[in-house]
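# Overview (structure and organization)
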Amino acid sequence: LFSSSKVNEDPSKEPHLLRGKVKSSYHEGPAVLLPEGSLLFTRNNYMGGKAGKSREGVNKLKLYTASGPGWGKITSFPYNNNEYSTGHPTVSGDGKVLVFSSDMPRGFGGTDLYYCVRTGDGKKWGRPVNLGPKINTEGHEQFPYLDKNGKLYFSSTGHSGLGGLDIFEVILKDLKP
């Protein structure tokens, strides 16, 4: 909450909608800025003017990268799938480790947290790895955030807490490329 009138002194600091291909008539959600200036963001399964659906007719969440001038080039995350959601990205300070939430098969429950490491020249993401049963539960783990010291903050409905999506923290080790 802002209680100071200083917030309105500089109009360039006011929030505004992103323009260009990042903005669509579909849900755009959590995003993270990569070190090279690209934007990794969550959107409903919408690409190239078409909405995709699962076999059950559900429009799942997907991760996309916006790059180039004005973020005009939109590319799909290589592990997106019409049958499950991927979303809520966060990256390490050096941009080499990505953590995201997904309900892909063979997880521990509702949505789990996964990580990928950038491979080779740093332009491709390695295969997603489930962060395991100490973090993931039969509930929903979502909204991850990696701080500069390697601490992961996330919300969970499966860990004991006060109820709903409580916030938890854990120090991650061995995720470095």
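Residues numbered from 1 in each chain as written. Predicted model: local features only at pLDDT ≥ 70, side-chain atom pairs only at ≥ 80, totals over all residues. Heavy atoms only, no water.

## Considering the overall build of the protein
Put simply, the rule is: In DSSP terms, a helix is any run of H or I states spanning at least four residues, a strand is any run of E spanning at least two, and both are numbered starting from the N terminus. Radius of gyration: C-alpha atoms only; globule rule: 2.2 Å multiplied by the number of residues to the exponent 0.38. Any residue under 20% of the maximum accessible area for its type is buried, any over 50% is exposed, and the rest in between are partly exposed; the area is computed with a 1.4 Å probe on protein chains only. The contact rule is simple, with two residues in contact once any of their heavy atoms fall within 4.5 Å. Every accessible area reported is derived by Shrake-Rupley at a probe size of 1.4 Å, with residue values counting cover from the shown protein chains alone. His is not counted here, nor are the chain ends, while Lys and Arg score as positive and Asp and Glu score as negative. Every charge is mapped to an atom, namely NZ of Lys, CZ of Arg, CG of Asp or CD of Glu.
A count of helical and extended segments in the protein gives zero helices and 14 strands. Rg of the C-alpha trace for the protein: 17 Å, near the compact-globule value of 16 Å for 177 residues, within the 12% margin. In terms of overall dimensions, the protein has C-alpha extents of about 45 × 40 × 35 Å along its principal axes. Per-residue burial over the protein gives 40% buried out of 177 residues. Pairs at least 24 apart in sequence give 36% of the contacts found in the protein among residues at least 6 apart. A total of about 10900 Å² of accessible surface is found on the protein, and carbon and sulfur atoms cover 53% of it. Distance between charge centroids for the protein: 8 Å, based on 23 positive and 17 negative side chains.

## Section: the layout of surface pockets
The criterion, for reference: Only protein atoms enter the 1 Å grid used here, on which a cavity is any set of points holding a 1.4 Å probe that cannot leave and a pocket is any open set flanked by protein within 12 Å on both sides along at least five of seven lines; residues with an atom within 4 Å of a point are listed as lining. Grid points are joined across faces, edges and corners, and a volume is the space filled by probe spheres set on the points.
In this structure, the largest pocket encloses a volume near 340 Å³. As for the largest pocket, its lining consists of 15 residues, and the residues nearest its centre are E36, T65, T75, K123 and W125. Counting residues per element, the ones that place at least two in the lining of the largest pocket are β5 (61-67), β6 (73-76) and β10 (124-125). Per element, the largest residue contribution to the lining of the largest pocket is three residues, and it comes from β6.

## Some thoughts on the pattern of salt bridges
What counts is decided by this rule: We count a salt bridge whenever a side-chain nitrogen from Lys or Arg sits within 4 Å of a carboxyl oxygen from Asp or Glu.
Here the structure, examined in full by the defined rule, presents five salt bridges. For E28, the salt bridge is made with R43, and the minimal N-O distance between the two is 2.7 Å. Here E28 is found in strand β1 (residues 28-33), whereas its partner R43 is found in strand β2 (residues 39-44), with 15 residues between them in sequence. The class of R43 is buried, set by a relative accessible area of 3%. Of the charged contacts, one joins K151 and E169 as a salt bridge, the two residues approaching to 3.5 Å between their closest N and O atoms. Linking K151 in strand β13 (residues 151-156) with E169 in strand β14 (residues 166-171), this pair joins segments that are 18 residues apart in sequence.

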